[in-house]
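So you can see what is in the structure, the chains are spelled out below.
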Amino acid sequence: NNLSQRYSTRIIRRDTRPVMVGDIGIGGDNPVRVQSMINEDTMDIEGSTAAIRRLHEVGCEIVRLTVPTLASAKAVGEIKKLLASTYQPVPLVADVHHNGMKIALEVAKHVDKVRINPGLFVFEKPDPNRTEFTKDEIDVIKEKIIQKFKPIVNTLKEQNKALRIGVNHGSLSERMLFAYGDTPFGMVESAMEFIRICHSLDFHNIVISMKASRAPVMLAAYRMMADTMDKEGFNYPLHLGVTEAGDGDYGRIKSTVGIGTLLSEGIGDTIRVSLTEAPEKEIPVAYSILQAVGLRKTMVEYISCPSCGRTLFNLEEVVARVRDATQHLTGLDIAVMGCIVNGPGEMADADYGYVGKGVGTIALYRNRDEIKRVPEDEGVQALVDLIKEDGKWVDP
Ligand code: SF4
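Worth saying up front: this structure is predicted, and the values here are computed from it rather than measured.

Trainee: Tell me about the overall build of the protein chain, and please be specific about residues and values.
Mentor: Counting secondary structure elements, the protein chain contains 13 helices and 15 strands. Dimensions of the protein chain, computed from the C-alpha atoms along their principal axes, are close to 80 × 50 × 35 Å. When the 396 residues of the protein chain are sorted by exposure, 42% land in the buried category. When contacts within the protein chain are restricted to residue pairs at least 6 apart in sequence, those whose partners lie at least 24 apart make up 64%.

Trainee: An account of the domain arrangement of the protein chain is needed here, citing residue identities and associated values.
Mentor: Split by domain assignment, the protein chain resolves into domain 1 (2-292) and domain 2 (301-389). For domain 1 versus domain 2, the distance between C-alpha centres works out to 43 Å.

Trainee: I'd like a description of the packing of helix H7 (residues 184-200) against helix H8 (residues 215-232), backed by residues and values.
Mentor: A packed helix pair is summarised by two numbers, namely the angle formed by the two axes and the spacing between the axes. Relative to each other, H7 and H8 sit at 45°, their axes nearing to 9 Å. Put simply, H7 runs oblique to H8. Handedness of the crossing formed by H7 with H8: right-handed. For the pair H7 and H8, contact is made by Pro 184, Phe 185, Met 187, Val 188, Ala 191 and Met 192 and by Val 217, Ala 220, Ala 221, Met 224, Met 225 and Thr 228, respectively. Class assignment of the residues belonging to the contact of H7 with H8 gives a composition of eleven nonpolar, one polar and no charged.

Trainee: Give me the lowdown on the sheet that holds strand S7 (residues 162-168), citing residues and values where you can.
Mentor: Taken in spatial order, the eight strands line up as S3-S4-S5-S6-S7-S8-S9-S10 and close into a barrel, and their pairing is parallel. Sheet analysis places strand S5 (residues 92-96) next to strand S6 (residues 113-116), joined by four bridges and oriented parallel. By the bridge assignment for S6, Ala 94 is matched with Val 114. Sheet strands in contact with helix H10 (residues 282-292) are strand S3 (33-37) and strand S10 (270-271), and its direction is about 155° off that of S3.

Trainee: Describe the pairing of S7, listing the residues and the values that go with them.
Mentor: In terms of burial, S7 is a largely internal element, seven of the seven residues being buried. Burial along S7 is two-sided: the residues Ala 162, Arg 164, Gly 166 and Asn 168 and Leu 163, Ile 165 and Val 167 are all buried. Relative to S7, S6 runs parallel, the two sharing four bridges. Residue pairing in the sheet places Arg 115 in a bridge with Arg 164 of S7. Of the strand pairs in this sheet, S7 and strand S8 (residues 206-211) are connected by six bridges, and their pairing is parallel. Pairing of Val 167 across the sheet is with Met 210, part of S8.

Trainee: Break down the sheet that holds strand S11 (residues 301-304) for me, with residues and values.
Mentor: One open sheet holds the five strands; their spatial order is S11-S12-S13-S14-S15, and the pairing between them is mixed. Of all strands in the sheet, those bounded by a partner on one side alone are S11 and strand S15 (369-375). Taking each pair of neighbouring strands and ignoring which way they run, the sheet shows an average axis angle of 20°. Relative to strand S14 (residues 361-366), strand S13 (residues 352-356) is paired through five bridges, and the arrangement is antiparallel. Of the residues in S14, the one forming a bridge with Gly 353 is Tyr 365. Contacts between helix H11 (residues 315-326) and the sheet are confined to S11, strand S12 (333-337) and S13, with S12 contributing the most and set at about 160° to the helix.

Trainee: So what about the environment of Ile 362? Which residues, and what values?
Mentor: Checked against the element boundaries, Ile 362 lands in strand S14. Ile 362 sits in the buried class, given 26 other C-beta atoms within 10 Å. Residues Ile 362 and Pro 375, spaced 13 residues apart in sequence, show a C-alpha to C-alpha distance of 6.3 Å.

Trainee: I'd like a description of the pairing of strand S4 (residues 62-66), backed by residues and values.
Mentor: With four of five residues buried, S4 lies mostly within the body of the structure. Sheet topology places S3 next to S4; three bridges connect them, and they run parallel. Each bridged residue has a counterpart across the sheet, and for Ser 36 the counterpart in S4 is Val 63. Regarding topology, helix H2 (residues 45-57) serves as the crossover connection from S3 to the parallel S4, and that connection is right-handed. Crossover S4 to S5 through helix H3 (residues 70-86) is right-handed.

Trainee: Lay out the packing of H11 against helix H13 (residues 379-389) in plain terms, naming residues and giving numbers.
Mentor: Two elements in contact, H11 and H13, have axes separated by 10 Å at closest approach and are oriented at 35°. Crossing of H11 over H13 shows right-handed handedness. Of H13, the residues touching H11 (which contributes Arg 321, Val 322 and Ala 325) are Val 380, Leu 383 and Val 384. For the contact of H11 with H13, the residue count by class is five nonpolar, no polar and one charged.

Trainee: So, the confidence of the model for the protein chain: which residues are in play, and what are the values?
Mentor: Here the protein chain shows a mean pLDDT of 92. Residues at 70 or above account for 97%. Both scores are given for the predicted complex: the pTM is 0.93, the ipTM 0.98.

What counts and how
Residues numbered from 1 in each chain as written. Predicted model: local features only at pLDDT ≥ 70, side-chain atom pairs only at ≥ 80, totals over all residues. Helix = DSSP H or I, 4+ residues; strand = E, 2+ residues; numbered from the N terminus. Buried ≥ 20, exposed ≤ 12 C-beta atoms within 10 Å, placed from the backbone. Contact = placed C-beta atoms within 7 Å. Domains from an automatic or database assignment. Axes fitted to C-alpha atoms, helices over the stretch in contact; angles between N-to-C directions. Parallel < 35°, antiparallel > 145°, perpendicular 65-115°, else oblique. Left-handed = near helix turned anticlockwise from the far one by under 90°. Nonpolar A, V, L, I, M, F, W, Y, C, P; charged D, E, K, R; others polar. Pairing = 2+ DSSP bridges. Right-handed = clockwise from strand over helix to strand, strands pointing away. pLDDT = per-residue confidence, 0-100.

Right under this line is the structure:
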């Protein structure tokens, strides 16, 4: 069975329980969700509302905002109202750090999910001259965590809202660092401690993340987290991300390596691509990753050859023209191939093909069948006409 999974051309996702964030479900049979975070000051109510709207309009399904103070927790209430009256409700997540239980309790009234970081939850730094905690000290800290954590868990439970236990490689607690170093094992243990508390309080609307800024670290941590939960009988969804991935091509590649690798192993129920760019720029990258691994199809899939000495037309230019004309036709696969030698064979899965066929002539294909040949300069229009004839065209 492992082998049939391994050789499957479709990703078999890890079984997880669905967790609702507003009206958006994460895990279970839900599609892998796309989320991001605004970078406005939460106290700027109009600016934050506009930023959430901008993200939502480009396809971000869940939006997070930072809530560092009690005043900003209250501001989230205003943001939520303004969103509902000027746009529409958007599933919101509040990021709460550093001893922020009062803040978490306040903001839980206004958002659909609260994110806490176990590493920053209880201040537990011992005497700097020592290198470990005693068992008694650990027991005291654990009890302190339970007492501090309980009210927020109970509040979320009463309101049927969700919690993200968001571990970061760079902010593990001192206790975890002493016990495990800054290892994936320490990251998993940090989350497990909180999962077990939630479980003992019969609260299960939990999503877990294990972010790190280096792909190999996050890969190991997420794999270990998934295995540990499966072994202990917890099926909570996972939120994937390479944190601080940077910008530009490399930021996108790093995110894709981390997120795409895990998704292709069936791990992951919601993703955030973290770029040092406007958050709106993250959304197309997220959807491209999901489409490339075959989990969500939200745009036309273009298949085009790299071109070579056999190429009979300016492939780059033609691909751009085909894309301009057809990119709104979600759901289609369109191939553009330089020549007939490998073209039809390699594009066999596509709905339509545009293939060089001798100097100045191209052939149009529907699946494997050649439909017609036309002069090259009429090729894009003829492709559009063919899609229209088939009833698959919609106006942009
Ligand atoms: Fe070259 Fe033809 Fe292959 Fe394109 S499809 S790379 S033109 S051989």
